[in-house]
Amino acid sequence: MPDAPPKRKITLTVNGREYTAEAEDRYSLADFLRHALGLTGTHLGCEHGVCGACTVLVDGEAVRGCLMLAVQAEGCQVTTVEGLANADGSLSPLQQAFMDHHGLQCGFCTPGILTTLTAYLRDRPNADEAELREALSGNICRCTGYDTIVRAALAAAGAMREGGQP
Amino acid sequence: MEGADGAPQGRQAGYAGGVKPAPFTYHRPETLAEAAEMAASLENARLLSGGQSLMPMMNLRYVAVDHLIDLNPVAELAGITIDGGRVSIGAMTRQRAVLEDETLARCCPVMREALGFVGHVQTRNRGTVGGSLAHLDPAAELPGLAALLDAGITLRSRDGDRTVAMADFPRGYMTPDIREGEVLTSLAFNAWPDGHGWDFREFARRHGDFAMAGAASLILLDRDGRIARAAVVLIGIDDGPVRLSDVERMLTGETPSDDLFRAAAALAADRPMAADALVTETYRRHLAGVLARRSLAVACARAANGGGHA
Ligand code: FES
Ligand code: FES
């Protein structure tokens with residue numbers, strides 16, 4: 001057996017808190033979050049960029065956590081599903097809308113969908129249904145049939161327009 | 001549970017179970033010169049741009065490299081410059097930046113229309129122009145645009161710059177004309193005159209999937225409403241984008257009409273088409289003809305409308 005590949009120290013901020021941990025160069029950001037930092041809210045479905053379950057925000061933008069290396073996130077601000085709730089622990093308007101409209105069943109796809117929509121609705125609070133469906137086209141859900149997800153997203157957009165954060 | 005080294009698996013234990021790519025050493029050049037030097041000197045190295053195609057291939061271990069040279073920190077490779085009618089797009093420009101650039105959308109509206117078909121919001125946030133060109137998927141939109149716009153692709157090596165016409169860039173299935181030690185730096189083309197018509201469309205089973213076939217066209221009309229200049233491309237039908245010079249010749253000098261579009265579409269479809277497990281040659285030929293006809297009709301209508309949305 002060859003020696004285990006060397007690791008390097010990676011420092012980044014996740015949900016406002018700074019973390020430093022070691023990882024091999026080949027670790028994906030998603031694996032690093034889950035296994036090195038213990039933040040298991042980010043899910044991995046396909047691990048090749050198709051399902052969107054691993055979506056996290058890096059410096060505010062939605063990216064596939066399975067297609068970015070942990071070393072590439074050195075010094076970045078990362079937001080995961082664990083960082084979406086309000087400071088007092090209550091649900092964000094987007095999360096609340098998912099609860100109210102049955103936007104999830106098993107919840108496996110939900111972290112990726114919530115992070116994707118958090119960034120999207122921040123940039124386009126007036127998004128209509130067609131735009132939201134396009135924005136969600138990179139996230140696969142095997143339970144809901146998507147309709148309740150779209151309904152939740154539209155409700156969240158409405159709540160946000162009335163003042164409030166995603 | 002214990003890992004191979006006897007350490008408990010899980011949090012902070014160096015858990016290796018999630019790791020997919022074969023081991024490699026990561027490199028982070030900060031300048032293009034440094035990147036070119038690394039590309040020339042490191043054995044079995046790959047350049048990493050947005051990673052939206054290379055990372056999946058590495059996760060699946062279709063690709064195993066000893067060295068990965070990350071172009072993301074190389075700031076000089078990103079950005080769009082438009083000078084007069086000359087457009088230059090740096091290789092590391094994100095697909096999202098191309099989609100959202102207002103100046104580009106005004107002088108070259110087909111870009112925005114096409115970029116809307118490239119993957120999804122999350123992949124466009126990372127995916128780059130240069131990465132898509134270098135990956136050269138037969139159904140990819142950016143190589144199709146490069147062919148449509150007669151773009152030149154510039155590559156930097158230790159020895160200097162080399163520019164390849166897009167027409168000569170594909171060397172075979174997913175094989176671009178990029179030599180050992182070269183770094184793709186930019187895509188450049190002349191924008192078409194104001195008032196030209198454009199269209200980009202494709203057929204996929206789900207939005208954002210690779211297209212089964214796609215068509216793009218640019219049309220310039222003369223003062224009498226006849227076609228003065230035409231460019232037509234099909235994607236997803238062969239190893240690389242296919243520029244339809246025979247169709248362009250047929251269209252030039254003609255007045256747009258449904259009959260003309262039908263004849264052009266028949267000629268467009270009259271060529272070998274790739275077949276795969278999901279799409280037979282016959283079906284792909286049918287799609288190509290329909291897409292070409294609709295694309296030409298919309299591009300001509302937009303040109304007749306002075307380049308505005310028809
Ligand atoms: S796990 Fe990343 S897209 Fe599926
Ligand atoms: S809620 Fe189960 S996969 Fe979406």
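Just above sits the structure.
My aim in this report is to walk through the structure given alongside it, one point at a time.

What follows is about the overall build of chain B. For chain B, the count of helices and strands is eleven helices and twelve strands. Computed over the C-alpha atoms, the radius of gyration of chain B is 21 Å, within 12% of the 19 Å expected from 2.2 N^0.38 for a compact globule of 310 residues. Referenced to the eigenvectors of the C-alpha coordinate spread, the extents of chain B come out at roughly 80 × 45 × 30 Å. Looking at chain B as a whole, 52% of its 310 residues qualify as buried.

It is worth spelling out the environment of B:G160 at this point. Examined against the element boundaries, B:G160 turns out to sit in strand β7 (residues 160-165). Distance from B:G160 to B:E182, taken between C-alpha atoms, is 9.3 Å for residues 22 residues apart in sequence.

Residues and elements named next belong to chain B. Here the structure, examined in full by the defined rule, presents one aromatic pair over all chains. When the centroid spacing of 5.7 Å and the interplanar angle of 40 degrees are considered together, the rings of F117 and F200 count as tilted. Here F117 is found in the loop between α5 (109-115) and α6 (121-126), whereas its partner F200 is found in strand β9 (residues 197-203), with 83 residues between them in sequence. The pair F117 / F200 is uniform in exposure class, with both members buried.

This next bit is on the pattern of salt bridges. Residue and element names in this part refer to chain B. Within this structure, the stated rule accounts for 29 salt bridges over all chains. Linking E37 and R158 is a salt bridge whose minimum nitrogen-to-oxygen distance equals 2.9 Å. With E37 in helix α1 (residues 32-41) and R158 in the loop between β6 (152-157) and β7, this residue pair connects regions lying 121 residues apart in the sequence. The salt bridge involving E182 is made with R162; its shortest N-O contact spans 2.8 Å. Placement of E182 in the loop between β7 and β8 (183-190) and of R162 in strand β7 is noted, with a sequence separation of 20 residues between them. Residue classification places R162 among the buried residues on the basis of a relative accessible area of 17%.

All names here are of chain A. Bridge analysis of strand β1 (residues 7-14) against strand β2 (residues 17-24) gives eight bridges, and the strand direction is antiparallel. Among the inter-strand pairings, K9 is bridged to a residue of β2, identified as E22. Between β1 and β2, which pair antiparallel in sequence order, lie two residues; one of them, N15, sits at a positive phi of approximately 50 degrees. Two elements, β1 and strand β5 (residues 77-79), share two bridges in a ladder whose sense is parallel. Paired with V14 across the bridge in β5 is V78.

For the rest of this paragraph, the subject is the sheet that holds strand β3 (residues 67-70) of chain B. All names here are of chain B. Strand order in the open sheet formed by three strands is β1-β3-β2, and the pairing between neighbours is parallel. On the outer flanks of this sheet lie β1 (25-27) and β2 (45-48), each paired with one strand and no other. Strand-to-strand twist across the sheet, computed as the mean angle between neighbouring axes with direction ignored, equals 25 degrees. Bridge count for β2 against β3 is four bridges, and the pairing is parallel. Of the residues in β3, the one forming a bridge with L47 is I69.

To continue, consider the sheet that holds strand β12 (residues 242-243) of chain B. Residue and element names in this part refer to chain B. Spatial strand order, β9-β10-β11-β12: four strands in an open sheet with antiparallel pairing. The open sheet has two edge strands, β9 and β12, and neither has a second partner. Across two bridges, strand β11 (residues 227-235) lies against β12 in antiparallel orientation. The partner of V233 across the bridge, within β12, is R243.

Residues and elements named next belong to chain B. Its location among the elements puts T163 in strand β7. Residues T163 and A263, spaced 100 residues apart in sequence, show a C-alpha to C-alpha distance of 36 Å. For T163, the contacting residues outside a window of four places in its chain are G152, I153 and T154. Among the polar contacts made by the side chain of T163, one reaches the side chain of T154 at a distance of 3.0 Å.

About the criteria used
- Residues numbered from 1 in each chain as written.
- Chains lettered and ligands numbered in written order.
- Predicted model: local features only at pLDDT ≥ 70, side-chain atom pairs only at ≥ 80, totals over all residues.
- Heavy atoms only, no water.
- Helix = DSSP H or I, 4+ residues; strand = E, 2+ residues; numbered from the N terminus.
- Rg over C-alpha atoms; globule rule 2.2 N^0.38 Å.
- Buried < 20%, exposed > 50% of the residue type's maximum accessible area, 1.4 Å probe, protein only.
- Phe/Tyr/Trp six-rings, centres within 6.5 Å; stacked < 30°, edge-to-face > 60°.
- Salt bridge = Lys/Arg side-chain N within 4 Å of Asp/Glu carboxyl O.
- Pairing = 2+ DSSP bridges.
- Axes fitted to C-alpha atoms, helices over the stretch in contact; angles between N-to-C directions.
- Contact = heavy atoms within 4.5 Å.
- Polar contact = N/O pair within 3.5 Å; in protein donor to acceptor, adjacent residues only side chain to side chain.

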